[in-house]
Amino acid sequence: EDKVVQSPLSLVVHEGDTVTLNCSYEVTNFRSLLWYKQEKKAPTFLFMLTSSGIEKKSGRLSSILDKKELFSILNITATQTGDSAVYLCAVYGALSSGSARQLTFGSGTQLTVLP
Amino acid sequence: SQTIHQWPATLVQPVGSPLSLECTVEGTSNPNLYWYRQAAGRGLQLLFYSVGIGQISSEVPQNLSASRPQDRQFILSSKKLLLSDSGFYLCAWSVRGPGDTQYFGPGTRLTVL
């Protein structure tokens with residue numbers, strides 16, 4: 001059974017701090033890893049990672065994948081209160097019947113940024 | 001551009017009542033469609049996915065069902081709700097083929113009393 005584990009479960013920091021969120025996985029026939037940000041409602045897409053060692057960046061957020069050690073990290077620098085959210089990691093594994101790839105989600109990291 | 005709609009946004013239903021949640025996607029054709037449930041403080045659990053009209057795959061056996069009567073319409077139903085059906089229901093779509101990013105609708109918060 002595919003598994004995605006995120007750590008820490010929750011994190012409280014002050015504005016301006018840098019945070020690192022972790023995601024480790026065990027999946028059959030890994031295809032890609034995705035990061036989402038979830039505030040009050042629906043998750044919004046942040047990054048998709050398919051290759052090891054290639055950093056993806058978007059403003060103060062960046063992420064990298066290590067396919068040998070089976071993990072990814074999401075970094076947020078100079079955090080702001082607007083970064084407060086649940087950050088979800090999800091992994092695509094083997095094709096199932098019907099040819100729709102399925103995402104396995106971790107339980108998320110709750111990030112709280114205090115002013 | 002593509003957009004995904006869900007309704008209603010919130011719903012409070014008594015135990016034993018029926019359920020119908022609707023999801024529609026605009027701006028794309030032949031999408032893969034998904035229903036997830038998120039319990040409080042937990043990750044997303046895939047309930048159903050569909051690769052085409054009338055094609056539904058169930059991931060978790062339960063008293064819920066899904067249907068896809070049109071290419072860009074996905075419906076989640078129940079004949080009799082249970083207390084354990086409470087949660088945040090999310091519909092998502094992705095393109096078929098190599099594009100795997102799933103994009104989520106705004107969600108429906110269901111409370112079963």
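Presented here is an overview of the structure given in this document.

Cut-off values and rules
- Residues numbered from 1 in each chain as written.
- Chains lettered and ligands numbered in written order.
- Predicted model: local features only at pLDDT ≥ 70, side-chain atom pairs only at ≥ 80, totals over all residues.
- Heavy atoms only, no water.
- Helix = DSSP H or I, 4+ residues; strand = E, 2+ residues; numbered from the N terminus.
- Buried < 20%, exposed > 50% of the residue type's maximum accessible area, 1.4 Å probe, protein only.
- Polar contact = N/O pair within 3.5 Å; in protein donor to acceptor, adjacent residues only side chain to side chain.
- Contact = heavy atoms within 4.5 Å.
- Pairing = 2+ DSSP bridges.
- Axes fitted to C-alpha atoms, helices over the stretch in contact; angles between N-to-C directions.
- Salt bridge = Lys/Arg side-chain N within 4 Å of Asp/Glu carboxyl O.
- Buried area = accessible area lost by both parts, 1.4 Å probe.
- Nonpolar A, V, L, I, M, F, W, Y, C, P; charged D, E, K, R; others polar.
- Phe/Tyr/Trp six-rings, centres within 6.5 Å; stacked < 30°, edge-to-face > 60°.
- Lys NZ or Arg CZ within 6 Å of the ring centre and 35° of its normal.

Moving on, we come to the side chain of Thr108(B). Residue and element names in this part refer to chain B. Note that Thr108 resides in strand β11 (residues 108–112). Classification of Thr108 by relative accessible area gives buried; the value is 0%. Within the structure, the side chain of Thr108 is placed 2.5 Å from the backbone oxygen of Pro8, a separation counted as a polar contact. Thr108 has contacts with Gln6, Trp7, Pro8, Ala9, Leu21, Gly87, Phe88 and Tyr89, leaving out every residue within four places of it along the chain.

Turning our eyes to something else, we now look at the sheet that holds strand β8 (residues 73–78) of chain B. Within a sheet, each strand pairs with its neighbour through backbone hydrogen bonds, oriented either parallel or antiparallel. Residue and element names in this part refer to chain B. Reading across the sheet, the four strands line up as β1-β3-β8-β7 and stay open at both edges, with antiparallel pairing between neighbours. The sheet terminates laterally at β1 (3–7) and β7 (64–70), the two strands that pair on one side only. If you compare each strand with its neighbour and ignore which way they point, the axes differ by 20 degrees on average. Taken together, the five bridges between β7 and β8 define a ladder with antiparallel strand orientation. Note on β8: the bridge partner recorded for Ser67 is Ile75.

A few words on the sheet that holds strand β1 (residues 3–7) of chain A. Residue and element names in this part refer to chain A. The five strands lie next to each other as β1-β3-β8-β7-β6, forming an open sheet whose pairing is antiparallel. Either end of the sheet is taken by a strand with one partner, and the two such strands are β1 and β6 (56–58). Geometrically, the sheet is characterised by an average inter-axis angle of 15 degrees between neighbouring strands, direction not taken into account. Both strand β7 (residues 61–66) and strand β8 (residues 71–76) contribute to a ladder of six bridges, which runs antiparallel. Residue Leu61 lies in a different strand from β8, and its bridge partner there is Ile76.

Turning next to the pattern of salt bridges. One pass over the full model with this rule turns up four salt bridges over all chains. Taking the shortest distance from any N to any O, the salt bridge between Arg60(A) and Asp83(A) comes out at 2.8 Å. Placement of Arg60(A) in the loop between β6 and β7 and of Asp83(A) in the loop between β8 and β9 (85–92) is noted, with a sequence separation of 23 residues between them. With a relative accessible area of 24%, Arg60(A) lands in the partly exposed category. Residue classification places Asp83(A) among the buried positions, given a relative accessible area of 4%. Among the ionic pairs, Arg68(B) bridges to Asp71(B), the shortest N-O distance being 3.2 Å.

Another aspect to go through is the pairing of β8(A). All names here are of chain A. The buried fraction of β8 is high, at five of six residues. The pairing of strand β3 (residues 19–26) with β8 spans six bridges and is antiparallel. Bridge pairing in β8 places Asn22 opposite Ile73. Hairpin connection between β7 and β8: a loop of four residues separates the two successive antiparallel strands, and Leu70 in this loop has a positive phi of roughly 60 degrees.

The next subject is the interface of chain A and chain B. Counting residues at the interface gives 24 residues for chain A, matched by 23 residues for chain B. In total, chain A and chain B occlude about 1700 Å² of area from one another, counting both sides; carbon and sulfur atoms represent 53% of this. In this assembly, chain A and chain B are joined by zero salt bridges. For the side of chain A that touches chain B, the elements supplying multiple residues, two or more each, are β4 (32–38), β5 (43–49), β9 and β10 (103–105) of chain A. In terms of residues, the side of chain A that touches chain B owes the most to one element, β4(A), which gives four residues. Looking at the side of chain A that touches chain B residue by residue, the classes come out as eleven nonpolar, nine polar and four charged.

On to the packing of aromatic side chains. Scanning the model with the defined rule gives eleven aromatic pairs over all chains in all. Ring pairs connect the aromatic residues Tyr36(A), Phe45(A), Phe105(A), Tyr34(B), Tyr36(B), Trp93(B), Tyr103(B) and Phe104(B), which therefore count as one cluster. The ring of Phe88(B) carries Arg109(B) above its face, with NZ or CZ at 4.4 Å from the centroid.

Along the chain, Ser7(A) connects to Pro8(A) via a cis peptide bond; the corresponding omega equals -10 degrees. Its place among the elements puts Pro8(A) in the loop between β1 and β2 (10–14). For the bond from Trp7(B) to Pro8(B), the omega torsion is 0 degrees, close enough to zero to count as cis. Mapped onto the fold, Pro8(B) is located in the loop between β1 and β2 (10–13).

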